[in-house]
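Geometric and topological summary
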Amino acid sequence: MERNLLVREVGALSSPMIGSRFRQADDEVFLNPSAPYEVQVRSPKPNSVRRDLGSGRSFRLNENDMPTRNGSTSASAFLTQIVDWIDVGNTNHKRYLGPNYKGKPATWCNIFANDYAYLAGVYLPHFFWRKLPSSPAEAATQKDTKYLTELDANSLYEWFGKYGAIFGWQEITPPGNDYTAVQNTANQGNVVFVSIKRPAIAGHIAAIVPETSSQKALRNSSGQVTNPLLSQAGSHTKNKTYSTAKWWVPKGGQFRIWAHALSTGSGPISTFPNTQATPQPTPSAPIPSLSSSPSKRVKANRYYGQQLGWENYVDQINDLLLPYSGQSNVSLGEEAFADALAIWQRIHGLTNDGILGPNTWALLKTSLGVATAVPSTTGQSAPTGASSTSMPTRFRVLVPALEKYRGNWPLDFLLGWIKKESDGSIQSHTSLDERGYFQLHPDESKTLGVDHLRLTTDSDYSIQAGIQLVNHRGKSAAKYAALFGIPASGEVYLALTKLMHWLPYGVQCIVEVMKKKNFVPTSWESFKAFCTANRSDIQAGISRKGKWSLESGIKNTDDVLTYARSFKQLL
């Protein structure tokens, strides 16, 4: 092992690292030549870091009897063996228990996660670079601990999103509430974590573990897994159990689920269409350098920015790359831009040279959702029914993902929704913090379990989450349609679905007045005419809860349907 970083911790193994940073001890942080971006901490004394000790949490376990895998043990059986050996629910295992907090013992969920991953032979860091070095050579020069930071649960959420794919992690967050594929991935002998970020309070991380003959996940009457089998150090510290409450869909927070295969014997990982599966590097081969010469990258990016036209979108690209730079609310310099782009390329399976050339731009522009090199009509069309002879590129590039996820929703209706709400720009967001192509309100993201900030950075995810929203609003619209004997299809049903996005309570008020006056809308035009004729009654109901305008909701929906008719002519 190459010895690069010397770390000392005060009091040797006498106190935990949580909330401290590096202190005095006889230990070292080193880099593995075969995995040069892994930061690892090596304990100095055998059997000095144990489950029964409430100290040494900065170090990896090194007990004498730690579980090892023999050739006949399956991957899933080995993971079960690890969970049973850690025995996180054992109150004698002080490693996972912290000081009392508000009358209850705190727990170190990240320490448990580190131990579980380490024993399984999977990399999950306790300490990591503040900014990922651009090459192994640069990493070797960063021998001061100022380059490192400790990762708590909230920080691990960010680490998975920025760097997880580099180290072989694949995201498997399901698009809805069916966790069957997630549980199956764990059952196949893969390490699986649900990672949660909660603003202003502690986050959480828990392992989703293989089922056994006696311990199962919770399933509904259809056999779908609604609550996977968990092992965790938390408010309900358990070796293996399921939670009846979906705490991993937290109020005001975000969650993502990640999986990593063992070195041998793991079954397939069930990825979902919203995830970016990245080929894993061969374990024995070094991860390629993240950069070529900075001067060459800068010159190449200046050239391609002009030739490919992406210099016109540099602000949007900057916002997309910021999460990969370790910075926020800044305009990246040219070298920092290339460094962040190299990480983005690595995660997306591209040559990670930090150069935004044709291949990278072809993929990156779909995440931005902007018109690019293909000539097209890009001006906004007014909602008059007029159409252009070709579909603008910023909408055309969205069609494959829309086709993949739309189910029975008309493609032209979805395009009309996107046109009205975001004009095809993934970066669009309002003063209410509505985001993404379909403009989800933060409350809608919470209800659907959607990562709200990701709506403006991940094109495929934004499309999929948007259709989740349409499905959600469509279910409510179907109930109102049933009251009138209207089928859950056709123009009136689509209009009700979009109106539900505008203001669910407003739709309730409209329907109440229609029922009171025994009116059944047979077309969108008759629906609009009724609302105009009965505006005072409808608006009076809406005004009981707010100052929303009936006219604004009708116009919003009317524009969507008008745009949809225009798109239908182009499809």
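As shown above, the structure is provided for reference.
Residues numbered from 1 in each chain as written. Predicted model: local features only at pLDDT ≥ 70, side-chain atom pairs only at ≥ 80, totals over all residues. Heavy atoms only, no water.

**Some details on the overall build of the protein**
Filter applied, for reference: Numbering of helices and strands runs from the N terminus, with a helix taken as a DSSP run of H or I at least four residues long and a strand as a DSSP run of E at least two residues long. Any two residues whose heavy atoms approach within 4.5 Å at even a single point are treated as in contact. The Shrake-Rupley method, run with a 1.4 Å probe sphere, supplies the accessible areas, and residue values consider only the shown protein chains as cover.
A count of helical and extended segments in the protein gives 19 helices and 15 strands. When contacts within the protein are restricted to residue pairs at least 6 apart in sequence, long-range pairs at least 24 apart make up 63% of them. Total accessible area on the protein stands at roughly 24,500 Å², and carbon and sulfur atoms take up 50% of it.

**Description of the side chain of Arg 473**
Basically, it comes down to this: Pairs of N or O atoms are called polar contacts if they sit within 3.5 Å, as long as, within protein, a hydrogen donor faces a hydrogen acceptor (for residues adjacent in sequence, only side-chain-to-side-chain pairs).
On the secondary structure map, Arg 473 appears in helix α14 (residues 459-484). A polar contact is formed between the side chain of Arg 473 and the side chain of Glu 444, at a distance of 2.9 Å. In contact with Arg 473, other than residues within four places in its own chain, are Glu 444, Thr 497, Met 500, His 501 and Pro 504.

**Considering the packing of helix α15 (residues 490-502) against helix α16 (residues 504-516)**
Inclusion rule: Only C-alpha atoms enter the line fits that serve as axes; for helices the fit covers just the stretch in contact. Angles between N-to-C directions range over 0 to 180 degrees. Angle categories: roughly parallel below 35 degrees, roughly antiparallel above 145, roughly perpendicular from 65 to 115, and oblique for all the rest.
Interhelical geometry of α15 versus α16 gives an angle of 130° and a closest axis separation of 5 Å. The orientation of α15 relative to α16 falls into the category oblique. Seen from α15, the contacting residues are Leu 496, Leu 499, Met 500 and Trp 502; seen from α16, they are Pro 504, Gly 506 and Val 507.

**A closer look at helix α12 (residues 411-422)**
Where we set the bar: One less than the number of residues in a helix, times 1.5 Å, gives the span that helix is expected to have. Burial classes: relative accessible area under 20% of the type maximum marks a residue as buried, over 50% as exposed, and values in between as partly exposed (1.4 Å probe, protein chains only).
In this model, α12 (twelve residues) spans 16 Å end to end at C-alpha, consistent with the 16 Å of a helix rising 1.5 Å per residue. Taking burial as the measure, the twelve residues of α12 include eleven buried ones, the bulk of the element. If you check which residues of α12 are buried, you get Leu 411, Asp 412, Phe 413, Leu 414, Leu 415, Gly 416, Trp 417, Ile 418, Lys 419, Glu 421 and Ser 422. Among the structural elements, α10 (393-396), α11 (399-405), α14, α15 and α19 (550-570) are those in contact with the buried residues of α12.

**Re the pairing of strand β15 (residues 254-261)**
Using the following cut-off: Should DSSP find at least two bridges between two strands, the strands are regarded as paired.
Here β15 lies mainly inside the structure; eight of its eight residues are buried. Burial along β15 is two-sided: the residues Gln 254, Arg 256, Trp 258 and His 260 and Phe 255, Ile 257, Ala 259 and Ala 261 are all buried. Judged from the two bridges that link them, strand β8 (residues 170-171) and β15 form a sheet pairing that is antiparallel. For Gln 170, the partnering residue across the bridge sits in β15 and is Ala 259. By the bridge criterion, eight bridges tie strand β9 (residues 190-197) to β15 in an arrangement that is antiparallel. Bridge pairing links Val 192 to Ala 259 in β15.

**Focus: the nonpolar core**
The condition that has to hold: Within this scheme, the nonpolar core is defined by two criteria: the residues are buried Ala, Val, Leu, Ile, Met, Phe, Trp, Tyr or Cys, and they are joined through side-chain atoms within 4.5 Å.
Tyr 116, Leu 124, Trp 159, Trp 169 and Phe 193 are the most contacted members of the largest nonpolar core, which has 64 residues in total. Considering each element in turn, this core owes the most residues, eight residues, to helix α2 (residues 109-120). Once you skip the residues sitting within four places of it in the chain, Trp 169 turns out to touch Val 122, Tyr 123, Leu 124, Trp 159, Phe 160, Gly 164, Val 191, Phe 193, Trp 258, Ala 259 and His 260. Counting residues in hydrophobic clusters, the runner-up holds 60 residues, among them Tyr 437, Leu 455, Ile 463 and Ala 465.

**Regarding unusual backbone geometry**
The backbone phi angle of Asp 433 is positive, close to 65°, even though this residue is not glycine. Among the secondary structure elements, Asp 433 is positioned in the loop between α12 and α13 (442-448).

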